[in-house]
Amino acid sequence: LSILLDHAAIRSLLPQGHPMSLVDRIVALDPGVSILGLKAITGSEPCYRRLPAGGRREHAAYPVSLMLESFGQTAAILWLGGMGSAPVRDDHVLMLVAVRDCTIEGRAFPGDVLRHVARLDQVVGDNVFVEGEILVDDRRVATIGSMMAVMRPRTVLSERASAQDVGNRPEGSAP
Amino acid sequence: VSDALSMRSVPVGDLPFAAPLRAVDEVRVGQAADSLVVHASKRIEAGDPYLEGHFPSLVIYPGVFIVETLRQAIALALDGPAEIARLRSVRFLAPLFADDTLTLEAVVRQGAGAALDVDARCHRGDGRLAARLRLELETDLG
């Protein structure tokens, strides 16, 4: 499979930054239809930082929350691809708003490569519905019945965000 | 209903499993007639792991981390394995920013086999409903 989008291209397309940038490569893309994205899991990711030594094998399973986020980011690239690959502007954020009928059928571990197959189901305004599956080799680890995301200008997220920018941020809480 | 229950605090120590962050600050659990009631809270800190990338110029607690909060709260309440097996329906209704506190109320019932059926609501500090979650957890991870 050829590399259609490498990690640098993905980083400039999506607003998520390290270490929340959870797609490594896009290797297939039928704009507006389907996408295949890859995410290599490694034990050096922050989610393994506090994993105690001597635990059971399943304790090292890649967190389902991150697996779904990684799928969602792949799906976002499919959506953007359908829009002519315009990057999400700096004053916009992509937000996951709903998940339905998502079944986790297996686990993934450090050393595994997640293969996200996402298909565009429906687009209604700024809302996009995708479905698909997550594979490791030829083993299906998740079926995504429906995931809905929305692109929103940062300004409409909440008045509370701008109120926070004015001040009142405790010492030491800055990133 | 849960107000009438006697809720006990559960120690929130180190997690035995891989997790993007410690997604709960406190967990309380109560036993109802046919269910377990779990309450938890989590203050969103800009310095929490992963949040520097979500997003670089505005911290928003990722929706999937609310699922993580729920999973961790129940695993700690059960003091045993609890892994997500199925998301039936999850809706994220209001964003959580840095310095917001999320509070979670979950009702856990025995489902088929080793599965637990979980019905949960998350609120933001200002009282807004932030998320509604219905999911299944697996407790037999053999």
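S.K.: How would you summarise the interface of chain A and chain B if you had to cite specific residues and measurements?
M.R.: In this assembly, 46 residues from chain A lie in contact with 40 residues from chain B. In this structure, the connection of chain A to chain B is made through 2 salt bridges. R107 of chain A is the partner of E83 of chain B in a salt bridge, and the nearest nitrogen-oxygen pair spans 3.9 Å. Across the contact surface, chain A and chain B share 12 residue pairs in polar contact (both at pLDDT 80 or more). For the side of chain A that touches chain B, the secondary-structure elements that each account for two or more residues are α2 (64–82), β3 (92–104), α3 (154–157) and α4 (159–166) of chain A. A total of 12 residues in the side of chain A that touches chain B trace back to one element, the largest contributor, which is β3 of chain A. The residue inventory of the side of chain A that touches chain B, partitioned by class, reads 26 nonpolar, 10 polar and 10 charged.

S.K.: Account for the side chain of T74 of chain A, with residues named and values stated.
M.R.: Residues and elements named next belong to chain A. Tracing the backbone shows T74 in helix α2. Within the local environment of T74, its side chain forms a polar contact with the backbone oxygen of S70, the two atoms lying 3.0 Å apart. Apart from residues no more than four positions distant in its own chain, T74 is found in contact with V23, I26, I35, G37 and H116.

S.K.: Go over helix α1 (residues 63–78) of chain B with me, naming the residues and quoting the values.
M.R.: Over its 16 residues, α1 of chain B runs 23 Å from end to end, which matches the ideal 22 Å to within 8%, given 1.5 Å per residue. The buried fraction of α1 of chain B amounts to 15 of the 16 residues, a majority that puts the element mostly inside the structure.

S.K.: How would you sum up the state of the cysteines? Please name residues and give values.
M.R.: The final tally for this structure, using the stated rule, is 0 disulfides over all chains. Here C102 of chain A stays unpaired: no disulfide links it, and the sulfur of C122 of chain B, its closest cysteine neighbor, is 17 Å away.

S.K.: I'd like a rundown of the pattern of salt bridges, residues and numbers included.
M.R.: A pair can form between side chains of opposite charge whenever their charged atoms are brought close. Considering all chains together, one arrives at 15 salt bridges over all chains under this definition. Put simply, R56 of chain A and E58 of chain A hold a salt bridge, and the shortest N to O gap is 2.4 Å. On the basis of relative accessibility, which here comes to 44%, the residue R56 of chain A falls in the partly exposed class. Looking at E58 of chain A, the relative accessible area reads 18%, which means it is buried. Where salt bridges share partners, they join R107 of chain A together with R71 and E83 of chain B into one cluster.

S.K.: An account of the environment of P46 of chain A is needed here, citing residue identities and associated values.
M.R.: Mapped onto the fold, P46 of chain A is located in the loop between β2 (34–40) and α2. Taking the relative accessible area as the measure of exposure, P46 of chain A reaches 31% and is therefore partly exposed. Taking the C-alpha atoms as reference points, P46 of chain A and V124 of chain A, separated by 78 residues in sequence, lie 36 Å from one another. Aside from chain neighbours lying at most four places away, what touches P46 of chain A is P19 of chain A together with A19 and Y50 of chain B.

S.K.: For the confidence of the model for chain B, give the residues involved together with the corresponding values.
M.R.: Any segment with low pLDDT has predicted coordinates that should not be analysed in fine detail. Residues and elements named next belong to chain B. Residues with a pLDDT of 70 or more make up 96% of chain B, whose mean pLDDT is 94. Element-level mean pLDDT values for chain B span from 96 in strand β1 (residues 8–10) up to 98 in strand β3 (residues 36–43). Overall fold confidence (pTM) sits at 0.91, and the ipTM for the predicted complex is 0.95.

S.K.: Which residues make up the environment of E105 of chain B, and what values go with them?
M.R.: Residue and element names in this part refer to chain B. Relative to the assigned elements, E105 resides in strand β5 (residues 101–110). For E105, a relative accessible area of 44% puts it in the partly exposed group. For the pair E105 and L70, spaced 35 residues apart in sequence, the C-alpha separation works out to 8.9 Å.

S.K.: Help me get a handle on the nonpolar core, residues and values and all.
M.R.: Grouped together as the largest cluster of nonpolar side chains are 92 residues, with contacts concentrated most on Y62 of chain A together with V38, Y61 and L133 of chain B. By residue number, the principal contributor to this core is α2 of chain A, which donates 11 residues. Setting aside anything within four residues of it in sequence, one finds L133 of chain B in contact with I66, V67, L70, S89, V90, V118, D119, A120 and C122 of chain B.

S.K.: Give me the pairing of strand β2 (residues 26–31) of chain B: which residues, what numbers.
M.R.: Residue and element names in this part refer to chain B. As paired elements, β1 and β2 share 3 bridges and run antiparallel to each other. Following the sheet pairing, R8 is matched in β2 by V29. Across 6 bridges, β2 lies against β3 in antiparallel orientation. By the bridge assignment, V29 is partnered in β3 with V38. Hairpin connection of β2 to β3: 4 residues between the antiparallel strands.

S.K.: How would you sum up the pairing of strand β6 (residues 139–153) of chain A? Please name residues and give values.
M.R.: Residues and elements named next belong to chain A. Relative to β6, strand β5 (residues 127–136) runs antiparallel, the two being bridged by 9 bridges. Paired with L135 across the bridge in β6 is R140. Linkage of β5 to β6, two consecutive antiparallel strands, is achieved through a turn of 2 residues, within which D137 is found at a positive phi near 55°.

Cut-offs and rules
- Residues numbered from 1 in each chain as written.
- Chains lettered and ligands numbered in written order.
- Predicted model: local features only at pLDDT ≥ 70, side-chain atom pairs only at ≥ 80, totals over all residues.
- Heavy atoms only, no water.
- Contact = heavy atoms within 4.5 Å.
- Salt bridge = Lys/Arg side-chain N within 4 Å of Asp/Glu carboxyl O.
- Polar contact = N/O pair within 3.5 Å; in protein donor to acceptor, adjacent residues only side chain to side chain.
- Helix = DSSP H or I, 4+ residues; strand = E, 2+ residues; numbered from the N terminus.
- Nonpolar A, V, L, I, M, F, W, Y, C, P; charged D, E, K, R; others polar.
- Expected span 1.5 Å × (residues − 1).
- Buried < 20%, exposed > 50% of the residue type's maximum accessible area, 1.4 Å probe, protein only.
- Disulfide = S-S within 2.5 Å.
- pLDDT = per-residue confidence, 0-100.
- Core = buried A, V, L, I, M, F, W, Y, C linked by side-chain atoms within 4.5 Å.
- Pairing = 2+ DSSP bridges.

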